[in-house]
Every structure is written in C-alpha cells, then in structure tokens.
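Architecture and fold: a report
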Amino acid sequence: MSEHPDRLWRNPEPRAGYDVVIVGGGGHGLATAYYLAANHGIRNVAVLEKGWLAGGNMARNTTIIRSNYLWDESAAIYEHALKLWEGLSAELDYDILFSQRGVLNLAHTLQDVREGSRRVNANRLNGVDAEWLDPDEVRKFCPIVNTSPDVRYPVLGATLQPRAGIAKHDHVAWAFARRADELGVDLIQGCEVTGFRKHGNKVIGVETNLGPIMAGRVGLAAAGHSSVLASLAGVRLPVQSHPLQALVSELLEPVHPCVVMSNHVHVYVSQAHKGELVMGAGIDPYNSYAQRGSVHVIEQQMAAALELFPIFARAHVLRTWGGIVDVTPDASPVIGPTPVDNLFVNCGWGTGGFKATPASGWTYAHTLATGKAHPLNEPFALERFTSGALIDEHGAAAVAH
Amino acid sequence: MLLIPCPWCGDRDETEFHYGGQAGVPYPERPAELTDEQWGEYLFVRDNPKGEFAERWSHSAGCRRWFNLVRNTATHEIVR
Amino acid sequence: MRLPEGGRIDRTKPLRFTVDGIEHTGCAGDTLASAMIANGLLTVAPSTYLGRPRGIFAAGVDEPNALVQLDDPMQLATTVELVDGLAATTLRGKGRLTDEPDAARYDKRNAHCDVLVVGGGPAGVAAALAAGRTGARTILADEQRELGGSLLTENRLLDWLADAVEELDALPETRVLTGTTAFGYYDQNFVACASKTRLWHVRAKHVVLATGAHERPLVFVDNDLPGIMLASAVRQYVNRYAALPGENIVVATTNDGAYGTAFDLAGRVSTIVDSRSEPPAELVNRARELGIEVLAGSTVRQALGTQRIGGVRVGDREIACDVLAVSGGWNPAVHLFSQSQGKTRYDERKAAFVPDKSVQAQHIVGAANAVYDLTGCLDEGFSAGIEAAKMTGFDGEKPAAPYTAREVITDPHPVWFVDGPEGRQFVDLQRDVTVADVRRATGAGMRSVEHVKRYTTIGTAHDQGKTSGFAAIGVIAQLLGAESPQGTTTYRPPYTPVSFALLAGRDRGELHDPVRKTPMHDWHVRNGAVFENVGQWKRPWYYPQPGEDMKAAVLRECRAARTDVAVMDASTLGKIDIQGPDAGEFLNRVYTNAFAKLKVGHCRYGLLCKADGMVFDDGVVMRVAEDRFLATTTTGNAAAVLDWFEEWAQTEWPDLEVWFTSVTEQWATIAVVGPQARVVLAIVAPDVDCSQDAFDFMTFKDAFLADGTPARIARVSFSGELAFEINVDGRAGARVWDAVMATGLPTPYGTETMHVLRAEKGYVIVGQDTDGTVTPQDLGMEWIVSPRKDFVGKRSYQRPDATRPDRKQLVGLLPTDPDELLPEGAQLIAPDTPLTPPVPMLGHVTSSYHSAALERTFALALVKGGRQLIGRTVLAPLRDRTIAATITEPIFYDPEGARRDG
Amino acid sequence: MTVDLREIALPRQVDLRVDPIAPAATRIGELLGTPLPVVPNTGSEAVLWLGPDEWLVFGASEDQLRTALGDTPGSVVDVSANRVVYELSGPDARDVLEQGCAIDLHPRAFGPGRCAQTMLARANVILHQVDAAPTYRLLVRPSFAGYLTSWLRDAMSAAG
C-alpha cells in the first residue's frame, strides 16, 4: 500500500446528465459517490465541486475520529463509521494513516463526571468501547496532561475510547476519490451549481457555470454552503453556518500520545504523524461564510491549552484557519429527503463531519440509491424538527445547561 | 475581532456582545393555532444567507440593549 | 568572515555564543545568523527528510534552513537577536518541547490609532512620518529591531532615516514598535502584533501596509547546496552586519534587483548570470566597469559541489564560486493584505501576484505593492500616510521627498525550473520537495495548487511557503503547460509563528478564569470546607471534620438538617429584581405557571422553559410589591436568565413596562434548615415572629436582625424541612453568617448535602436531572404548567414527540441491596434483556445518594414510560457488576409534607 | 511604575430606570443636584449613565428616588452591595487598564467625566474616569474583586 498512488483521478468534462448528481466534492460527497458505485452499482454519477476536491471542511478539520456519542441514534451511525474506518485503508488500497491512539474526554466538574459516566455506560451497551479513567489513569495514559488538583479546573477524570484516533484527512478524500473515479464516477472540479432545474416539485437537474447537467436524483453534500444551495431549490434548512477555527504548531518531536478533548475548557488536541500539534478551538458565535474567525477565540484556547498542557507553552502557532460548520438546533446532522422531490440533503454535521465520513457516505448512498433512508440515518430526517424528536447532542455534551 | 456599533455605547469589541441570530422573527401571536410544521419552522428554521444578513445583537457586557444591524456574512463587513 | 569595517554592528561589544556546543564570538547588533556567517559557519543541520547538507539561505523570516533550538523549540537563526551566552542547537526540521518552566512573563496591550503603518522600510517610514506629522494617532510596527528595512540592506538614505527615526520618536501621538511583528489582520482593521513577550491588539481606523517583498529562489539542479543564498540576503549580511559569506561569488538573477548585490560586493563577484537576453544596458555597463562578467540570456543549470557549492554550470561552462547569490524575482509580501480579505491578481509584466482590491480601510504601498524603485516607494508611502490621516480627520502637507532619482526597473524574466534531474531541483527546501514530486502530483491528476501543496507538503513547513510558495506555483504552471501561474493559496494568520504562551498572555494559573467567592468564603475556608466549582463560583461541597471522609461528612450534615438545624451559604443563587407595572404580566409570559395574581409578601416556585418546551431554569419568585418581584435563578444560569428576560422584554414585548436589574451580589443568602430552625431565628431575628401561625410557608418578611441588620426572611424549603432563608445586604453577609453560627446550634452544610436533601424529596436540579431534552411533564410537574395562560414554549407540548407515552420520565429508584449505591450516569435496562449490543436502554440514573434519613441508598432516574413501571425492577449493568433496583415514585421522604412546618 | 490602587467606600448606589424625557427624570435631577446625564458613557460622582434609560445613582436612597419617581413607570433598586469600588490613579493608570480593556482610553476618546460598562480582563466592570491624573474608578461585583485585584496588581507590575 503506497502512501500516494500514481493515479488519483481523471479530470473529465461533464456529461449531459447522470443518474445521480452529488453537489459537493468534500469527504462526504466523495464517500457517497464511492458507495453508490461500490454498494449499489450506480456508476453513472457525477460529483460537482465548485473549487477543488475536499477543499472545504475536509481540508480544515482536526481529523479526530471517535464514536462515543451519547444517544443511541448517534452512537449507531458514528460506530458504523468507526468500523468502516477500521477497514478503510485496505478497502480503498490507500494508507489513510488511521491511528487508533485513543481519545480522552476530560471531566473538570462534577457535572462533567456525571455526563462522562452516563456516556461510558451508554456506549458500552451500544457496543462502543469506552472506559472511565480516574486522574491517575489519565496521567498514565497521557503523561503531559496536568492532573494537579491545584489548577483552576482540575481534571476529575476522563472518558477514554481506545479505538478512537486520527486519520490523514487528505488521504481519506483522495482514497475515496480515486476509487470512485476508477468505478466510473465523474469528479468535476471548478463546477459551481448556480440553480436547479425543476419539473413541478421535482428536481431534474442542476444549472452550473459549465452548463446544465440533468440528474435522476440530486444529493447535496456541501457542508458550509448547504443553506445557500438549498435556498436555490426553495428549501429552508434548520441550519446556521458558523466559523470554526483550528491551528497547527511547528513540527515537534513526539510528546503527545493520544487525542485529548475538553468541553469545559474548549480544547481538543492531538499530535499529527509528522509532529505538529493540531488543535481546534470553539465555534465563533455569529453566522459566517468567511472561513475566518476572531483571534480572541484562539487566545482563549491557548490559555486553556496551557492550563491542561503546561509543556506547550513554548510551542508556536504556525498557521490558523477557519472552516464553516453547519449547525442544526440539536447538533445532529440531517440526512434524507427534502420537501422537493428527488432532492436530498446531507448537512448539519457541525463539528462532527469528518469522523462520520464513511458512514455518512454509506447511508447517503443508500438513500440516494433507493429513495429511502437506511435504518442508520432514518432518525436524522428533517421531520424531527416538526415532531420534536430531536437528537440533542448539545444537551448530551452538557453545554449551556 | 468584530467591531460592533452599539447604538448607545458606540463601537465595541464583539466580546462585549451576545449574538441573537436573525432579526425580525416575531414570536407567533397565537402559537396554539399553528400547525406542527409552522411551529417547528418558528422554533428551528432561520435564514442563513451568504451576504447581507439582518441580525440581532445584545450589548450584554455594556448597556444590555438589544439592537439590529446588517452584516455581510461573507466579508463580516457591517453594512448598517 | 567578519569584514574589518562597515555594518551596523558594534565591534566594541563582543558577545559569546555557542552553536551545537562550540563557542564563537559575535557583536552587538548581530543576528545569530550574521554572527555565524561572520564566524564562517554557513552550514546548518541537514535537511529534514533526505539528510542533504543545507546552509543559511536568507536573512529574515523567510529562512527555510537555519532552524535552531534555543529555550524555544524552533527559532530562525536569521531572526534571533544575538545576546551574550546564547546557546543554539541546529535543528533538523523538528523542535523539542521540554518540561523546563518558562520564566518569561507575557502581557497584552490594547492600542487604538488613526493610522497603523505595518513595515518600517522606506515606504513605511515615509507613511508614518506623513501621518504622524498631521497629529493623527499613528503606530508604526516593524518586525526588525531597527527601522529602515531595505535601506539598511542597501546602505541608502541612512541620514534621512536617522532623522526620520528621531522625528517619529519625538512626535507625541506617534508610537514606534520595533521588534514587533504584525502577524494577524482581522475584521474591522483589528491587527494583532507580537513582540517577544507582548501581544498587541491594535484597532486602527486606517492601515497602511508597507510589508515589503520577499525575494524568490531559483530552481535548478542541486539548488539546495550550502553557499546558495538569496542575493538580497548576501547584500544584507555584508552591508548591515559586515559578515561576508564567501570570497568568490556568482550572482544568478531574473531581474534588476540582484545587480545591487553584485555592485556592493564588487571585487568578490566574478559573474552575473541573467535570464534576460537583454538586461538593462546601464546595469551591464556598470558591471563591466567593476570587472564583473554578465552572461545574458543564461541560467544556472546546476550547482557543483557536495558539502558546499564549489561552482555552477551555465550552459557548457563551469564557473567556480563559493557563494551563489540567487534572485528569482520578487513576491510582494501580501500576507496581511490577503488576511484582510484583499484580493490579488497575477501581473504578467512583474511576474508576481500583486494587490488588486482592498476590502478594509487600508493602503498597500512600496514593494508590497510591487513598486521596487526607492523614489516610488517613498512617494507611495508619503501619499498613503497623508491620505490615511485625511481619511481619519486630520490634515497636512505631503512631505517633500528626500530622494527623487528616477530608477527604471526593467521587467524580470522568470525561470521556473531547468532541464535536468528533477529529483534534485528543490522547490521547498524545508520539506525536501522537488520538481519531481510536483510532477508526480500533477501526474496523479491534480490541477489545483492547493492539491499539489497538500500532496507534496510544499509550503507547509515553518516558513509557510515564504520562499517555496511561488516557486511551486511556477513549476506547476510549467508542468501543466499553462501560460502563466494559476491561483495562489490563501494566506492565514500568523504571518510568522507566535508562541502559545504569548497568545495565552496572563490568563494562566490563578488568572486563568475568575474565581468568584461569596461574602462568607473566608469562613468556609477557615472551617475546612471542600469546594466545588459551580460555574465560576467556589461553593462549599461539604465540611469534613477530622477523620471524616466525604460520605461520613455528608451523612452527618444531612442528619443535622433532618433532626436538628443546619445552614448553607446560598448566596450564589442568581437574583433578579423585576419592576414595572407589567412585571406580573411579563412573568406570566415567561414562566410556565402564573404570577400575575401572586400576593405581595408571598413566594412561588417557578419553572422557565425554552420555546422548544424544554426545562431551562427554575427558582423561587417573591412578590415584593404590586409592581416588583425578586426572582431567583440557579447559580450557573444567573446571567443566562437575565439575558433571557431582557431578550423577550426588549425584542418581543417592548410595549410591556418592565425592567430588570441583577441583584445577585446585592444579597447574601443563608438557608437555615431543620426542625430547630425557629430556635436559630429566635436568636438571630428576635423581632420576627416565625411561628407557624405568623409566618406562612412561601411567604417572606422584611425585618431587622438582632444587630439591627435589615433582612428579608423567606420561608421556603428545598429540603422538605422547616426552613428560612435570611437575605441580607452582601456587605453584611459574613457578619450575619457569624451571628448565625454564634448561636452554636447549626451545622454548616454544602452542596452535596443540599443535593441529598432535595433528592429525598424528589426535587430536581436543572442540569443534573434534566439535560435540555426534558419537559416539565417528564418531571411529573404538570401541576406547574398553567392550562389557562400562554407562555413561552407552551405550544411545544402539543408536538407529537412531546406526547409520546414512552418519553423518559422522572422516577425514583431503590436498589435491592440498600447499601449499594447506583453510580450517577448508570444506564438502566429491563430484566432479562440480552447483553448483546446494542442493548435497549430504558434510561439513566441522574442523582444517587446515601440517605441518612432513609438509612439506605436511593436514586432519581429518567426512565422511558417510567411512571407506568413503578414497582418494577430494573437493572443497571456496570463494568464489574449489575445492580438491581425497584422503580418508585420520585419522593422518598415525608411524602405528606408534614415536616415543612417543623 | 507610578500607579496606585485602592479600594474606596462609596455611599449608596442605586440603579435607576426611567424615561429621560419624563418629568420624573427632572425631579430626580433636582434631587441629585445634577441632571441625569443623557450623553451615553458620561457621568459624575453623583450619577453615571448606564444605558438610554438607566443610571447608577450615588448617595440618594432607594426611598428618595422612588418618591421622586412617583407614579412614573420605572425601576429603582438599591445596589449598594452589588459592586465594590476601586480607584486606580497615576500616570501609568491608563497603561494598566489598556492591558485588559479594549475600549479607547486616549484623552481624545475618553477623559474625566467619561464612563463605560465594559470588560477588564475577564471581569465586567463599570469604568469611570474622575480626573486627568488620570484617576479611574472601577466598579466590580464583589465576587470578582479578588480576581480583579490580582489581575490589576499583575498588570501594574508590567506597566510603564
């Protein structure tokens, strides 16, 4: 298995029409195209990307993979993703540098401890590996975490998902892209969807800067731009777009063995294969499509990081950047049909999109192929905002309560 | 760091404010008369345009007044 | 080698330093790199991946090779100011973090100005002078220790520069920040600047970017050998630091710029290799006068040598040299401009991406604007300075130019790479990326610069592509057969690396996040309280006596409250004063229950829900007057509830006359709880008749305490026991607490005991027994949801999901083994459920305690359809055991409410 | 470093809400001996502007103000214990504040008689400049006082 295969994709001209057109060539769009071809034999598929493949949130995330979600519906889809991740390098014949180094979610308050314990117990019963670590065990697992009781918010314990970890995001995208291309999918870059062709309430194609492209079904997979695209088809989504910032340090000799996340002090950090520390910050509160956030968010994050990891004090921020996350009211995604016939949507992953990539593609492909939800994405339909059957991962994270 | 014009206190850093999302979405006059769809739409669906957006802010660390402004979500320019 | 004369170093101040343990001597004014060159040290650590020899290549922030470890893991030798005793270790691409504490102190400054000028070269100094003279508040920030920029490299206009520096220092409203890098350009002209230990937040009305330009390398075979350096760097080392990197120099260029290097080093330069077939005659003639051969229309194909350059191959010729000074053209430093969302365009003539359109209030001038002649730079600087000042309300004359010679800059002729082994033509020196790597990427199907960057890692190293970025774009264009370079990557902050500690500033340790303390905090500390963090507050969790563990302490505290009297500091509860003729109406609209008809002097427990119907907060509301209420909130939600009230009142019901004032800290609150509570009250507040007949449950009285302190005493209970809350002016809190304790009767208790007592009564804690998905009905609190009036969220209870019979409902749990404590967070399943994942779960334990009153353990839980399951058994499967429990009503103690009256 | 920090005792503080064009506002001005300031972010030792219909009044009692308010809708709340007051004074006082306060304190933008509700480091404060020394008053919730004074002392050691 080579790190970079010699051939990745063709750069085809768009054809007049396809069975399925996927709008958005990010991780989810590429995975969807691959599974459409691989699982459902639907190969007359185009992925339309207005920029370059996987150049949106796929290129900007902190590459954390875990499935230790609280609610059954979330655990099911993320655990399906994790199982796919575990076989993905082999299936796609491309080393995605998947490293199951374990993810710690630190608890700093008694409420965090309760939530962590609740999650560990639920995870186990849902077949998701999970352990509760006391502060000593935290220190053994990640010696650089400051577990002193004398800090402002001492570490009271942590949940650990041993099978969780990181993967190389670009490799993931290119691996899916290469296989999809091999199976006949047209990956069309520089192709911006500017409108939809409709017949009554049915979508029959898309307008693009490269001309109209007809489609049997259209699937949106354009994280960060879902609302804008959906509005072109007259659909309003329960989604708000916000900047989410991240940063890397210079290359450093190995010092950080796992992934550490802390909701309470808003830090998540790992050390990438080459040696840089990769960190995510909090979401900027305002709506934005600018792929840029405010510097105080980074400053606060650094202050928090140094409370947890004093050894980082002399490291340097080499680059910061921002992605656009589509956030739903319950912090869970939407995958399924829209009120417009033949138009489907996959959006609202918030900060959780990367880790879900294979399962998102798997279930969305099923939905686009059959017109019906896969059992894993059935709970994630738009209807829940009418019925009230939300899958509230905000509450589960004890944020804002 | 956005610089936000509080109509009372003048320009202040964004850290003094709370964001309130889309402006001009009134609480339904008679919620009981709405369908589940209409109520769900009120609860959960807001505009999310790329470009100019009329939105609400509260100067929470200052005079605590709520106000509206129009900001471009693509450039962060405050238009008015 | 150190030249005997010249430079801006102080030869009278020698400084000792070591590199890789070997001692050397430099001078004050040196950078580490210039001192190394002066000591003949050109070679640094080998390349990161291929291990090829590498040397100092540049003289500033664009250095790709000379990385060193000081205390900090990675520094550029070219930007480290030499100090005595400096100990540097050369680094092969990776730094090292150590445990040694960082003794430096970091702080931040907020600065406002009319005009911020970034860059202290000729254009920047001119702009700052022009703006500063008008009286506009002006800040000039430059990364270098000394102002002057290219003037210092080129030894030009130094007298004018000295005068300008003096004048800038003297201008009262002008501030010069040297050694300060503007690294991040954010919205509304917010520019973050970093010096070694100080972070500046500059908010400018107008910004002048005079950030200069970066010289480009040339790509040819073995172009990474030590001794190959940027032409401007060679010139800078010689002119500014009197440090000579070699004796026999060849200059290879695509443009006019490198001729200055050759002229300044005349006598040591044999040849200029110029890619242009017709270089400007003026320059060629001058070279010849100085004895320098000019090879026009030529390029260096290969560098010769193994450990250091020994010569170059140009066509069929081999020319010996020990330094090759290269100039592949210039890139305007548009990093900050791009960060500010300015757009660039490719300029064919200048063969560079140049600023096109500004988005923010700014000018971009000089080399950053692709203006390379000194006259032009000064002119743009002066103009921009004056215009910026005028735009911010000041006026003045454009200063007279100190220099007006007309220089014609002839267009460059870029060379992207040469024929020859592509695996030895380096595009990114730090990442060891070659033309061959780029060809592999384009061969794989990649067209976008961003893809190639990621595939090859070009531009992602410490220098973030300052030297390699454009080279890569040129190579890609040539490989793809494009007419000109396509697209450029977006620049992100920071412009140069910034330490974590600097960004954190002083928000560390004790100052990381405010610790909020109640007026009685010191008493709690003196009396051995163990504290719990609740939001930013420190609250006593329990008060262990010697030899007691937490369980023993809490059982003792609980027993005191149930059988005697106990007190708690409840000052952290949020308190909001609500006044106005419509106060009652407002509360009716936000609380689930009715308040409009609450009698003055009475209290009522209220529940707040969000519009989605989920429980948001709760607390007791007192009616102080017809038009005045005092609402309490949970400790953690005090600010959120006030914001919530303001939002509804201001944005939805501006017609309501109601006003809110936070009085959380106006009042200190002491809860006196237990059957003997009246005895304490009788001593502390002898004038208050607190008998059952005189002081009804859920009423309050304003009174004076024994020492004359005015107090508001409320008879409310969160424990089921007879209880009073004494509210006093916060300043009297400690005194009154002392008075209460001085009665010698009460046992102090903390939040844990409070939780046990309320759980025994089935009272919920919002945020513990709820999680944002729980309605009042789920909690069995239909009684508090008014059927008559509308309130925020009411409509949500008619949604299909809110009426499902299998919603999770609050129930009690009694473990079968009365000594077994169910862990909070334990999940519950039905008996006989197979433990094959996914195991269907019924719900989870929200609260669980040992009860002194019940002499057993008990718990609260949210369970699907729980109220239908009362009397049934559920199991909590844990890692090492399974606990069985019986579902009960969520009330365990005194269900009749008999104890409330004492 | 030439800057001095001390806690001062202020007489009563009362939060007042009233429509500034109501006659009651005039009556209250008469009670205070100075009109309620209507220019945002200004005030005196008697009263500070907090919002378009909100003031922090020093000295007068809740009862006095309630009487002056009369039947006019509004709000009067004793907040004497709600904030403690520090005075930061001396040539470097501005430099200390600029380490944690983002508003422009330059004499052209701020000065004696100006006040602001804003953030100082991570604490919410009312900042009031009383003279050109400069002397600033900082009104802060008592629970934050320990944090704020620690922060100020640290900033004072870095000032100048």
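Residues numbered from 1 in each chain as written. Chains lettered and ligands numbered in written order. Predicted model: local features only at pLDDT ≥ 70, side-chain atom pairs only at ≥ 80, totals over all residues. Heavy atoms only, no water.

Overview of the overall build of chain B
Helix and strand counts for chain B come out as 1 helix and 5 strands. Ordered by position in the sequence, the α and β elements of chain B form the string β-β-β-α-β-β. At 15 Å, chain B has a C-alpha radius of gyration far larger than the 12 Å of a compact globule built from 80 residues. Overall, chain B is about 40 × 30 × 20 Å in size when its C-alpha atoms are taken along their principal axes. Counting the 80 residues in chain B, one finds 59% classified as buried. (Helix = DSSP H or I, 4+ residues; strand = E, 2+ residues; numbered from the N terminus. Rg over C-alpha atoms; globule rule 2.2 N^0.38 Å. Buried < 20%, exposed > 50% of the residue type's maximum accessible area, 1.4 Å probe, protein only.)

Focus: the domain arrangement of chain D
Residues and elements named next belong to chain D. In terms of domains, chain D is made up of domain 1 (4–8 + 82–159) and domain 2 (13–81). Each of domain 1 and domain 2 has a C-alpha centre, and the two are 23 Å apart. At the interface, 14 residues of domain 1 touch 15 residues of domain 2. Taken together, the two surfaces of domain 1 and domain 2 that pack against each other cover about 1100 Å², and 50% of this comes from carbon and sulfur. Of all residues in domain 1, the largest losses of buried area upon contact with domain 2 belong to Asn82, Arg83 and Cys115, amounting jointly to 40% of the total for that side. (Domains from an automatic or database assignment. Contact = heavy atoms within 4.5 Å. Buried area = accessible area lost by both parts, 1.4 Å probe.)

A look at the packing of helix α1 (residues 23–32) of chain D against helix α2 (residues 62–69) of chain D
Residue and element names in this part refer to chain D. Between α1 and α2, the least distance of the axes is 8 Å, while the angle of their chain directions is 140°. As judged from the angle between their axes, α1 and α2 are oblique. Where α1 crosses over α2, the handedness of that crossing is right-handed. Where α1 approaches α2, its residues Ala24, Arg27, Ile28 and Leu31 are matched on the opposing element by Gln64, Leu65, Ala68 and Leu69. Looking at the contact of α1 with α2 residue by residue, the class counts come to 6 nonpolar, 1 polar and 1 charged. (Axes fitted to C-alpha atoms, helices over the stretch in contact; angles between N-to-C directions. Parallel < 35°, antiparallel > 145°, perpendicular 65-115°, else oblique. Left-handed = near helix turned anticlockwise from the far one by under 90°. Nonpolar A, V, L, I, M, F, W, Y, C, P; charged D, E, K, R; others polar.)

Quick look at the nonpolar core
Residues and elements named next belong to chain A. Counting 84 residues, the largest nonpolar core has Ile22, Trp85 and Phe176 as the members making the most contacts within it. Here this core gets 8 residues from one element, more than from any other, and that element is helix α2 (residues 72–92). If we ignore the near neighbours within four places in the chain, the residues touching Trp85 are Ile65, Ile96, Phe98, Ala167, Val172, Phe354, Lys355, Thr357 and Pro358. (Core = buried A, V, L, I, M, F, W, Y, C linked by side-chain atoms within 4.5 Å.)

Digging into the state of the cysteines
In the structure shown here, the tally under the stated rule is 0 disulfides over all chains. C:Cys603 provides the cysteine sulfur closest to C:Cys690, a residue in no disulfide bond, and the two sulfurs are 15 Å apart. Looking at C:Cys690, the relative accessible area reads 8%, which means it is buried. Of the cysteine sulfurs around D:Cys101, a residue in no disulfide, the closest is that of D:Cys115, at 12 Å. (Disulfide = S-S within 2.5 Å.)

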